[in-house]
Amino acid sequence: MTPAWRHLPRTLRLETFSPRTPKTCPSLSLGAFWRSVTKLGLHTKPRMPPCDFTPERYQSMPYSRVLEVYKEHLSPELVYFPDPLLLHQGHMQWLFDHEGNRYLDFFSGIVTVSVGHCHPKVNAVAQKQLGRLWHTSALFFHPPIHEYAEKLSALLPDPLKVIFLTNSGSEANDLAMLMARAHSKNTDIISLRGAYHGCSPYTIGLSNVGQFKMTLPSGVGCQSTMCPDVFRGPWGGSHCRDSPVQTIRKCSCAPDCCQAKDQYIEQFKDTLNTCVGKSIAGFFAEPIQGVNGFVQYPKGFLKEAFQLVRERGGVCIADEVQTGFGRLGSHFWGFQTHGVLPDIVTMAKGIGNGFPMAAVVTTPEIAKSLAKCVLHFNTFGGNPMACAIGSAVLEVIKEEKLQENSQEVGTYLLLKLAKLRDEFEIIGDVRGKGLLIGIEMVTDKTSRQPLPREEVSQIHEDCRQMGLIVGRGGLFSQTFRIAPSLCITKPEADFAVDVFRAAVTQHMERRAK
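In the nomenclature of an unreviewed UniProt entry, the chain is known as Alanine--glyoxylate aminotransferase 2, mitochondrial of Myotis brandtii. Recorded under Cofactor (unreviewed entry), the UniProt text for the chain is reproduced unchanged: "pyridoxal 5'-phosphate". Per UniProt, the comment on the chain under Subunit (unreviewed entry) is "Homotetramer."

So this is what it looks like as structure tokens:
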């Protein structure tokens, strides 16, 4: 059954102040909207679609004190925006800051809030379990872990049926590395350049994004290979991607025959022949790269790469931390979009809708190989709270048809953003599947050089000022990452496109001056 909140009507109005200040204006068609924007000037902003939720009044630390505590006591992590947002409350696809301003969340806590902030059903399940039992450890039985294992395993093909529950994506990938080495009795593991598989001492060797690499030795036995990026890489064309939107690069390939894929496979073979031993432990791949800006590979690449890895005795690991749980729309798991069957699958983020939870799923054979090498134990893996919430998330995805919504609304959004790419010289690429979408900003389409970071930051800030939160990614932080909760609607997608267009327009006018 589709919940009533999914049928909210679109409200496309104009306002000349904060997009979160209630105003009364007549509704306009899209064409009239943009004629009005031209007439009224850059400071006229799209108005948000309605939201039937009223946040509580913020009564916690003053903003100034929050900044002081951050600087004095918290690790110096990446924070968005010159004046960092102090968020207070969330409801489905909406966030509210300490001043009561409302934002459409198109990054969902770094691709994590899969079914919506504080989803009513997930909240109710969490509260019920909270009153029953918080923690036991895996030494004892408690039904939520067994119920969750049964539900999750039913969503994976044979022989992927043995589940190890952990707490984060990095931890899941740590365990997958150990499994690959235990099973193969080899050390070398290959990952793609631009990949992000975690920032733990083990997985940092697999992550090939400069800011996450250390100057000290780390990640022993990890080798990188060329990322088959059909927009920024040396090869790519107009038929490469499994996406409603292709690159602006031209090629002579037939739709079912990709020469770029063949070239990137040759690079993969070169890595196998020069950088690793004759036998390897495994190969890690995200079905679509996350931190690198939602980069897609040419169709058929992973299938051939998996075959080459297995010929060397290695196992193939699909990192579904950002792509899993219906986000890509056409399939529940990202690896299914490539027509491959991994030996190990890792998952996190959307698995718990923001609750700390992750999993590794593998075959009975690989699980036995691990057991022969080490007694694996995790104090919090399979926590009753996590498993109850995880089950509720799976139920909501099915009951509210969120995978289907991701396919429908995501395709709609991709095609609208592709029109913006055709209109603006600095939008070099629009790519993705379902509700995992990258918008790569460039100085111009001919050179495809990344737009300078400070210019991208200004567009990012302008979007925030108009009430839209999007993510950043790419080796040069040049790509906007769009990954909202799977419950968003077409009116909200329209609003996001309107905001992004206004932000890019403002930037182009600043440039012209």
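Next, the rest of the story.
Draft legend 1. Broad picture of the side chain of Glu 320. In this structure, Glu 320 sits in the loop between strand 10 (315-319) and strand 11 (344-347). Of the side chains with opposite charge, Arg 327 comes closest to the buried, unpaired Glu 320, at an N-O distance of 9.7 Å. Only 2.7 Å separates the side chain of Glu 320 from the backbone nitrogen of Phe 335, close enough to count as a polar contact. Aside from chain neighbours lying at most four places away, what touches Glu 320 is Pro 287, Trp 333, Gly 334, Phe 335, Val 345, Thr 346 and Met 347.

Draft legend 2. Inspection of the sheet that holds strand 16 (residues 471-473) at higher detail. Across the sheet, which stays open at both edges, the 4 strands sit in the order 13-14-17-16 with antiparallel pairing between neighbours. Edge positions in the sheet fall to strand 13 (427-433) and strand 16, since each has one partner strand and no second. Between one strand and the next, the sheet's axes are offset by a mean angle of 25°, whatever the strand orientation. Packing of helix 13 (residues 490-512) onto the sheet brings it into contact with strand 13, strand 14 (436-441) and strand 17 (479-482), and relative to strand 14 it is tilted by some 10°.

Draft legend 3. Spotlight on the confidence of the model for the chain. Of the residues in the chain, 92% reach a pLDDT of 70 or more, and the chain-wide mean stands at 91. Here residues 1-42 is a poorly scored stretch, pLDDT under 50, and it has 86 contacts once near neighbours within four places are set aside; other chains count.

Draft legend 4. Seen up close, the environment of Thr 215. Structurally, Thr 215 is set in the loop between strand 7 (189-192) and strand 8 (222-225). Separated by 188 residues in sequence, Thr 215 and Gln 403 have C-alpha atoms that sit 41 Å apart.

Draft legend 5. Just the layout of surface pockets, in detail. In this model, the second largest pocket occupies a volume close to 340 Å³. The wall of the second largest pocket is formed by 17 residues, among which Ala 138, Ile 163, Phe 164, Leu 165 and His 376 lie closest to the centre. Its residues assigned to classes, the lining of the second largest pocket shows 12 nonpolar, 5 polar and no charged.

Draft legend 6. Molecular detail of the domain arrangement of the chain. Considered domain by domain, the chain is made up of domain 1 (63-72 + 79-118 + 402-512) and domain 2 (120-400). Here domain 1 and domain 2 have C-alpha centroids that lie 25 Å from each other. Across the boundary between the two partners, domain 1 contributes 47 residues, which contact 45 residues of domain 2. Of the roughly 3,800 Å² buried at the junction of domain 1 and domain 2 (both faces included), carbon and sulfur atoms supply 56%. A per-residue breakdown of the area domain 1 buries against domain 2 is headed by Gln 403, Lys 433 and Arg 448, which together make up 20% of the total. Inspection of the region where domain 1 meets domain 2 yields 3 salt bridges. Counting across the interface, domain 1 meets domain 2 through 28 residue pairs in polar contact (both at pLDDT 80 or more). Sorting the residues of the side of domain 1 that touches domain 2 by element identifies helix 3 (108-111), helix 11 (402-423), strand 13, strand 14 and strand 17 as the ones contributing at least two each.

Draft legend 7. Main features of the nonpolar core. By size, the foremost hydrophobic cluster in this structure holds 94 residues, and its most contacted members are Phe 283, Phe 325, Met 347, Met 441 and Phe 500. Here this core spans two domains, since at least three of its residues come from each of domain 1 (63-72 + 79-118 + 402-512) and domain 2 (120-400). Excluding anything up to four places from it in sequence, Phe 500 contacts Leu 420, Ile 427, Ile 439, Met 441, Ile 459, Cys 463 and Phe 480.

Draft legend 8. Seen up close, the sheet that holds strand 3 (residues 87-91). Strand order in the open sheet made by the 4 strands is 3-4-5-15, with mixed pairing throughout. Where the open sheet ends on each side, the last strands, each with one partner, are strand 3 and strand 15 (468-469). Note: strand 4 (residues 94-97) against strand 5 (residues 102-105), 3 bridges, orientation antiparallel. Each bridged residue has a counterpart across the sheet, and for Phe 96 the counterpart in strand 5 is Arg 102.

Rules of the game
- Residues numbered from 1 in each chain as written.
- Predicted model: local features only at pLDDT ≥ 70, side-chain atom pairs only at ≥ 80, totals over all residues.
- Heavy atoms only, no water.
- UniProt positions renumbered as here; feature names shortened; annotations may be inferred.
- Helix = DSSP H or I, 4+ residues; strand = E, 2+ residues; numbered from the N terminus.
- Buried < 20%, exposed > 50% of the residue type's maximum accessible area, 1.4 Å probe, protein only.
- Lys, Arg positive; Asp, Glu negative; His and termini not counted.
- Salt bridge = Lys/Arg side-chain N within 4 Å of Asp/Glu carboxyl O.
- Polar contact = N/O pair within 3.5 Å; in protein donor to acceptor, adjacent residues only side chain to side chain.
- Contact = heavy atoms within 4.5 Å.
- Pairing = 2+ DSSP bridges.
- Axes fitted to C-alpha atoms, helices over the stretch in contact; angles between N-to-C directions.
- pLDDT = per-residue confidence, 0-100.
- 1 Å grid on protein atoms, 1.4 Å probe; cavity = no way out; pocket = protein on both sides within 12 Å on 5 of 7 lines; lining within 4 Å.
- Points joined across faces, edges and corners; volume = space filled by probe spheres on them.
- Nonpolar A, V, L, I, M, F, W, Y, C, P; charged D, E, K, R; others polar.
- Domains from an automatic or database assignment.
- Buried area = accessible area lost by both parts, 1.4 Å probe.
- Core = buried A, V, L, I, M, F, W, Y, C linked by side-chain atoms within 4.5 Å.

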